[in-house]
Amino acid sequence: MTRPLSIGLLWHGDSSGNLGVGALTLGNMELVRRAAARAGVEVEMTIFRPGDRGPSYVKDGLVARHVINGRFMVSPSGYWKALKGLDLMLDIGAGDSFADIYPDKRFAYIIATKELCLLRGVPLVFSPQTIGPFTRQPHIRLAAHVMKKAKAVFARDPLSLSAIARLAPTALRFQAIDVAFALPFTPAPKGPGTRVGINVSGLLYSGGYGGANDYGLTIDYRVFTDGLIEALLAREGVTIELITHVNTPTIPRDDDGRAADLLKERYPALVRVPAFGSPVEAKSHISGLDFLVAARMHASIAAWSSGVPVIPVSYSRKFEGLYQALDYPWLIPARGLTTEAAIEKALDAFDRRETLRTDIGRGQKAVKDGLEVYVAYLADCFRSLAR
């Protein structure tokens, strides 16, 4: 084969206000490039993304961008035509959307894009992502079907790997790690003083999309955030920065910026960091912090992977699975602790920052090994396709 391999990137995002989706995209593109270099082939990438309206933060590497919506899916000149000519589809499922915890319309799109890809004869690989939970039909049956038909399924944590084994025991499955660990960044200088970041989740702050503690938290997230801020402001030499990682003004309940603005009004001493223009910009800024409390998983990954002591606030299984794989015990389970105990744990982690830093160092091998599993598979796959 003399032409470049044509690689599709399904359920990635190059302009999402959710910088976690962007971090997955840029991280996966970096790993595809590494695999291509190892295989000695050239690749060109086409992205299939949700209808995000922001400017693209992918400067090179994409030959085409397609927005997944109803018209694109049903039009003969839409998704079906765009699949023609692809050598491989890498589907990242927006990180955690291959599950039945979201609205059924979202699941229908997730499944339909996979099924049509398989019908078109394009090899489908699940890039490292959270698998499940699946608790009801027909979601369980459909999820099992597409995993069995896929060329390979990569989990980003051991809990997801177990879910694949239960749902689709014949699927070729691997445990890797979240591809956002490969996101590049420019290290930022430290200081002055002790810089603490609070990544407040607009989704948790508003009680979920429905507003009635949708995720069944046992902590009062607002009270937790207020109490933590007040305790840290009382510490000498501490500056608190409000870090946003999901900026969606059109979906106020999910918007970290809205929650950060409310906190800034209540606590004028806080530093309201402006919204970042890209995942790389966010990670670069976070790398200059001395400590981060993060309720968005990819904000926590940005800190962890740049060596910043971080305590994630976990509201879903994806947190537990990921940090279990890294043997990193510094996690606040928002379902299982009281609000007071959560504040105490966060403050204890702040006081023991050097211990957290040591634990991050210990987990680096797991990240390196997890990324290698995925890159090695892709390199082999690219060699086979090129032949």
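Everything below is about the structure printed above this text.
Residues numbered from 1 in each chain as written. Predicted model: local features only at pLDDT ≥ 70, side-chain atom pairs only at ≥ 80, totals over all residues. Heavy atoms only, no water.

Draft legend 1. Local environment of the overall build of the protein chain. When its secondary structure is counted, the protein chain shows 14 helices and 13 strands. Here the C-alpha atoms of the protein chain give a radius of gyration of 21 Å, agreeing with the 21 Å that 2.2 N^0.38 yields for 387 residues. The proportion of buried residues among the 387 residues of the protein chain is 56%. Relative to all contacts within the protein chain whose residues are 6 or more apart in sequence, the contacts with residues 24 or more apart total 71%. About 15,400 Å² of surface is accessible on the protein chain, with carbon and sulfur atoms providing 54% of the total. For the protein chain, the distance from the average position of its 46 positive side-chain charges to the average position of its 38 negative side-chain charges is 8 Å. (Helix = DSSP H or I, 4+ residues; strand = E, 2+ residues; numbered from the N terminus. Rg over C-alpha atoms; globule rule 2.2 N^0.38 Å. Buried < 20%, exposed > 50% of the residue type's maximum accessible area, 1.4 Å probe, protein only. Contact = heavy atoms within 4.5 Å. Areas by Shrake-Rupley, 256 points an atom, 1.4 Å probe, with all protein chains shown as cover. Lys, Arg positive; Asp, Glu negative; His and termini not counted. Charge placed at Lys NZ, Arg CZ, Asp CG, Glu CD.)

Draft legend 2. Layout of the sheet that holds strand β5 (residues 124-129). Pairing in this open sheet of seven strands is parallel, and the strands run β3-β2-β1-β4-β5-β6-β7 from one edge to the other. Bordering the open sheet on either side are β3 (62-67) and β7 (173-175), each of which pairs with just one other strand. Ignoring which end each strand starts from, the neighbouring axes of this sheet average 20 degrees apart. Inspection of the sheet shows strand β1 (residues 5-10) paired to strand β2 (residues 43-49) by six bridges, in the parallel sense. Paired with Leu10 across the strands is Phe48, a residue of β2. Across the sheet, helix α14 (residues 353-386) is in contact with β1, β2, β4 (88-91), β5, β6 (152-155) and β7; its angle to β4 comes to roughly 160 degrees. (Pairing = 2+ DSSP bridges. Axes fitted to C-alpha atoms, helices over the stretch in contact; angles between N-to-C directions.)

Draft legend 3. Structural detail: the nonpolar core. Core analysis: the biggest nonpolar cluster contains 102 residues, and Leu90, Phe181, Tyr221, Phe224, Trp304, Tyr328 and Phe382 have the highest contact counts within it. If one sorts the elements of this core by residue count, α14 sits on top with 11 residues. Excluding anything up to four places from it in sequence, Phe224 contacts Ile219, Val293, Val313, Ile332, Thr339, Ala342, Ile343 and Ala346. Membership of the second largest hydrophobic core comes to 32 residues, among which are Met73, Val122, Met147 and Leu167. (Core = buried A, V, L, I, M, F, W, Y, C linked by side-chain atoms within 4.5 Å.)

Draft legend 4. How the structure looks around the sheet that holds strand β11 (residues 291-294). Strand order across the open sheet formed by six strands is β10-β9-β8-β11-β12-β13, with parallel pairing between neighbours. Across the chains shown, the open sheet's two edge strands, defined by having one partner strand only, are β10 (271-272) and β13 (332-333). Where β11 meets strand β12 (residues 310-314), three bridges bridge the pair, whose relative direction is parallel. Each bridged residue has a counterpart across the sheet, and for Ala294 the counterpart in β12 is Pro312.

Draft legend 5. Summary view of the pairing of β12. Burial within β12 is extensive, with five of its five residues counted as buried. In β12, alternate side chains face the same way, and those of Val310, Pro312 and Ser314 on one face and Ile311 and Val313 on the other are all buried. Taken together, β11, helix α11 (residues 297-304) and β12 constitute a β-α-β crossover, and its handedness is right-handed. Here two bridges tie β12 to β13, and the two strands are oriented parallel to one another. Its bridge partner lying in β13, Val313 is registered against Ile332. Since β12 and β13 lie parallel, the crossover through helix α12 (residues 317-325) that links them has a hand, and here it is right-handed. (Right-handed = clockwise from strand over helix to strand, strands pointing away.)

Draft legend 6. Local environment of the side chain of Asp96. Here Asp96 is to be found in the loop between β4 and α4 (104-119). One polar contact links Asp96 to Tyr102, side chain to side chain, over a distance of 2.8 Å. At 2.9 Å, the side chain of Asp96 and the side chain of Lys318 are in polar contact. With residues near it in sequence (within four places) discarded, Asp96 still touches Tyr102, Arg106, Thr130, Arg156 and Lys318. (Polar contact = N/O pair within 3.5 Å; in protein donor to acceptor, adjacent residues only side chain to side chain.)

Interpretation in functional terms is not warranted from these geometric data alone.
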